[in-house]
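Coordinate analysis (summary)
These are the residues of each chain, in order.
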Amino acid sequence: LNDLLKTGGARTYMIRDSDISVPYQIRPNIANEMNADLFVSIHINAYSNSKINGVETLYCPGDTKASERLAQAVHSAMLELLDLADRGIWKRTDLVVLRETAMPAVMSEVAYITNPDDEKKLLDPDFRQQVARALYNGLINYYSN
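Read on for a plain summary of the structure. All residue numbers refer to positions counted from 1 along the written sequence of the respective chain. Per-residue local features are limited, in this predicted model, to residues with pLDDT of at least 70; the limit for side-chain atom pairs, both in listing and counting, is 80 or more; totals at the level of whole chains, interfaces and linings are taken over all residues. Only hydrogens and water are set aside when side-chain values are computed; all heavy atoms of the structure are taken into account.

Another aspect to go through is the pattern of salt bridges. Each reported salt bridge corresponds to a side-chain nitrogen of Lys or Arg within 4 Å of a carboxyl oxygen of Asp or Glu. Scanning the entire structure with this criterion turns up 5 salt bridges. With a shortest N-O distance of 3.8 Å, Lys-121 and Asp-83 are connected by a salt bridge. Taken together, the positions of Lys-121 in helix α5 (residues 116–122) and Asp-83 in the loop between α3 (66–81) and β3 (86–91) put the pair 38 residues apart, joining distant regions of the chain. Relative accessible area serves as the criterion here: at 24%, Lys-121 is assigned to the partly exposed category. Accessibility here uses a 1.4 Å probe with only protein chains present; expressed as a share of the type maximum, an area under 20% marks a residue as buried, one over 50% as exposed, and anything in between as partly exposed. Take Asp-83: its relative accessible area is 64%, and that puts it in the exposed class. Going along the chain from the N terminus, every DSSP run of H or I of four or more residues is numbered as a helix, and every run of E of two or more is numbered as a strand.

Below, the structure written as C-alpha cells:
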C-alpha cells in the first residue's frame, strides 16, 4: 500500500514497516504531531471460532463523520476486489488508535488468520497485493467523494 500511495503522489509515513512493537498509545500521537490527513491501521484478525472469516472495517464516530465516510469507502473497495465475507463496518470508541487521532482514521481487519481459507489467502503474495490495491482504491474513493 505504501508503494501504491507514493506512486500515486501521496506523502506517507509508516509507523512501523517491520515486526517491531510500537505501543498503541503512541501511534495516534505520531499521526497528530505530523498533522496527517488520514490514519490507516491494517490488521489481521483472529478469533477462537475458526469458522469466522472475512473483512471488517472499524472507525470511531466523530463530529464530522469523516471517519465513517472513510470506513465506508475502504470497506466497499475491499469487498469489491477481494473474495472475502462481509463482516461489516463497526463503530469502536474503545480503540485508542481510532479514538485519539485528530484526523479521519480507520482500522482494516483484512481477514482471519484463524480461519483456514482466510489464512491460505493471507499467505499468498498476490492476495496481499490485491489487499493493498483495495485499500488504495478505498482511499482514492474517499478523496473523490
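Further notes follow.
The next point concerns helix α2 (residues 26–33). Taken as a whole, α2 has its buried residues at Arg-27, Pro-28 and Ala-31. In a view along the axis of α2, the buried residues occupy a sector of 95°, so they form one face of it. We call two residues contacting when some pair of their heavy atoms lies within 4.5 Å. Among the structural elements, β1 (39–45) and α4 (96–99) are those in contact with the buried residues of α2. Asn-35 sits one or two positions beyond α2 and adopts a positive phi of about 55°. Here the arc refers to the directions that run from the helix axis out to each C-beta atom.

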